[in-house]
Amino acid sequence: MFIEGELYSRTTDIHAHFGGQKQGGISTPSKHPFIFIFTGKAGQQHGYADGWKEEGVFLYTGEGQIGDMAFIRGNAAIRDHDSNGKELLLFEALGKSKPVRFLGRFACQSWDIFRGPDTEGKLRDCIQFHLVKLGTDSGPLPDEKKYEIEPSADTPLSVLRRRAIEASKPAQSKRWSNARQAYRQRSKAVRDYVLARADGKCELTGEAAPFKTASGAPYLEVHHTRRLSDDGPDDPRYVAAIDPTIHRRIHFGEDGKQLNDRLALRLVEIEDQ
């Protein structure tokens with residue numbers, strides 16, 4: 001949909017197709033599973049500056065120009081994007097009346113509060129999100145090893161589900177440097193539950209896994225029904241374990257969208273049981 005590093009018009013390429021707020025740094029279109037966030041030098045006049053860290057984490061300051069920032073509107077949307085089935089798309093604003101550059105897809109791993117000035121120069125609480133960049137989804141599917149998660153057979157499914165639900169919610173943390181490691185742990189919790197829930201059968205077709213791994217575990221692949229790729233934590237209501245052929249068919253087949261829609265409905269039934 002968007003190519004990393006390419007330039008786009010916020011008006012014609014984003015809002016004309018997806019809607020959402022045309023002003024401000026956070027746009028939340030109601031009819032699409034995306035949240036568009038914009039970063040740039042303009043934030044400095046409001047008392048904050050966004051930026052990359054060496055560990056591959058992007059620090060993004062929430063919205064609100066006067067008074068304490070709060071988890072409402074756009075700020076709540078970023079924090080709760082996984083549980084709401086939304087994907088974060090980050091763009092760099094290059095200046096007034098200029099295009100924006102697509103920086104990639106991100107997940108909100110954690111957040112923290114810092115003290116900083118508002119536009120009136122008064123100190124207030126500012127929200128800073130720790131965003132972890134996700135991998136690309138071009139070409140073949142990513143490293144197959146991450147689809148061979150084998151949760152302990154002794155762990156009850158209810159416990160795995162509770163861990164997965166908790167993992168889909170970002171937590172407050174002062175250590176943004178730990179974001180990538182914590183992010184991988186969250187991802188594992190979701191995959192472990194989904195694979196255990198499937199119990200060796202494709203959650204779309206109901207058929208047994210086509211083969212077993214070298215360790216004897218049924219081989220199924222994890223698919224995110226509301227994401228462009230299958231990496232990162234997510235709410236288990238939007239994640240399924242499916243046959244690898246079906247998985248590629250969803251991503252690359254002519255009937256991929258229809259299969260994905262069927263799978264999304266199936267997940268509603270599974271999680272409501």
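Residues numbered from 1 in each chain as written. Predicted model: local features only at pLDDT ≥ 70, side-chain atom pairs only at ≥ 80, totals over all residues. Heavy atoms only, no water.

The next subject is the pattern of salt bridges. Tallied over the entire structure, the rule returns 18 salt bridges. The partner of Asp-112 in a salt bridge is Lys-174, with the nearest N and O atoms 4.0 Å apart. Here Asp-112 is found in strand β7 (residues 100–117), whereas its partner Lys-174 is found in the loop between β9 (171–172) and α4 (179–198), with 62 residues between them in sequence. Residue Lys-174 is classed as exposed on the basis of its relative accessible area of 66%. Between Asp-261 and Lys-257 there is a salt bridge whose closest N-O contact spans 3.0 Å. Of this pair, Asp-261 and Lys-257 both sit in helix α6 (residues 256–272), 4 residues apart, which is roughly one turn of that helix. On the basis of relative accessible area, Asp-261 is assigned to the partly exposed category, the value being 37%. (Salt bridge = Lys/Arg side-chain N within 4 Å of Asp/Glu carboxyl O. Helix = DSSP H or I, 4+ residues; strand = E, 2+ residues; numbered from the N terminus. Buried < 20%, exposed > 50% of the residue type's maximum accessible area, 1.4 Å probe, protein only.)

Turning next to the pairing of strand β11 (residues 239–242). Covered by surrounding structure in β11 are Val-239 and Ala-241 together with Ala-240 and Ile-242, the residues of both alternating faces. In the sheet, strand β10 (residues 221–224) pairs with β11 via 4 bridges, with the strands oriented antiparallel. If you follow His-224 over to β11, its bridge partner there is Val-239. (Pairing = 2+ DSSP bridges.)

On to the packing of helix α3 (residues 157–167) against α4. At their nearest, the axes of α3 and α4 sit 8 Å apart, and the two run at 145° to each other. Handedness of the crossing formed by α3 with α4: left-handed. The residues of α4 that touch α3, namely those facing Leu-157, Leu-160, Arg-161, Arg-163, Ala-164 and Ala-167, are Arg-186, Ala-189, Val-190, Asp-192, Tyr-193, Ala-196 and Arg-197. When the residues that make up the contact of α3 with α4 are grouped by side-chain class, the tally is 8 nonpolar, no polar and 5 charged. (Axes fitted to C-alpha atoms, helices over the stretch in contact; angles between N-to-C directions. Left-handed = near helix turned anticlockwise from the far one by under 90°. Contact = heavy atoms within 4.5 Å. Nonpolar A, V, L, I, M, F, W, Y, C, P; charged D, E, K, R; others polar.)

Enumeration over the complete set of coordinates arrives at 17 aromatic pairs. Taken together, a centroid distance of 5.0 Å and an interplanar angle of 90° make the contact between Phe-2 and Tyr-8 edge-to-face. Both residues of the pair, Phe-2 and Tyr-8, belong to the buried class. A ring pair is formed by Phe-71 and Phe-129, whose centres lie 6.2 Å apart and whose planes are at 70°; its orientation type is edge-to-face. Placement of Phe-71 in the loop between β5 (57–61) and α2 (73–79) and of Phe-129 in strand β8 (residues 123–133) is noted, with a sequence separation of 58 residues between them. You can call Phe-71 partly exposed: its relative accessible area is 23%. (Phe/Tyr/Trp six-rings, centres within 6.5 Å; stacked < 30°, edge-to-face > 60°.)

Below, the discussion takes up the environment of Lys-212. Note that Lys-212 resides in the loop between α4 and β10. Note on Lys-212: relative accessible area 60%, which makes it exposed. Separated by 12 residues in the primary sequence, Lys-212 and Gly-200 place their C-alpha atoms 9.3 Å from one another. With sequence-adjacent residues up to four places away left out, Lys-212 is seen in contact with Ala-217, Pro-218 and Tyr-219.

On to the side chain of Thr-39. Secondary-structure assignment places Thr-39 in strand β3 (residues 34–39). Separated by 2.9 Å, the side chains of Thr-39 and Asp-50 make a polar contact. Apart from residues lying up to four places away in sequence, Thr-39 is in contact with Asp-50, Phe-58, Tyr-60, Leu-90, Phe-91, Glu-92, Ala-93 and Leu-103. (Polar contact = N/O pair within 3.5 Å; in protein donor to acceptor, adjacent residues only side chain to side chain.)

The subject of this paragraph is α3. Residues of α3 that are buried: Val-159, Leu-160, Ala-164 and Ala-167. In a view along the axis of α3, the buried residues occupy a sector of 135°, so they form one face of it. Each element contacted by the buried residues of α3 is listed here: α4. (Arc of directions from axis to C-beta.)

With that out of the way, let us pick up the side chain of His-15. Take His-15: it is sitting in helix α1 (residues 10–18). In this structure the side chain of His-15 is engaged in a polar contact, spanning 2.8 Å, whose partner is the side chain of Arg-10. Excluding residues within four positions of it along the chain, His-15 makes contact with Arg-10, Gly-20, Gln-21, Lys-22 and Ser-27.

Another point: α4. Between its first and last C-alpha atoms α4 spans 29 Å; for 20 residues at 1.5 Å apiece the expected length is 28 Å, and the two agree. Of all the 20 residues making up α4, 14 are buried; the element is thus mostly covered by neighbouring parts of the structure. Downstream of α4 by a residue or two, Asp-199 has a phi angle that is positive, lying close to 55°. (Expected span 1.5 Å × (residues − 1).)

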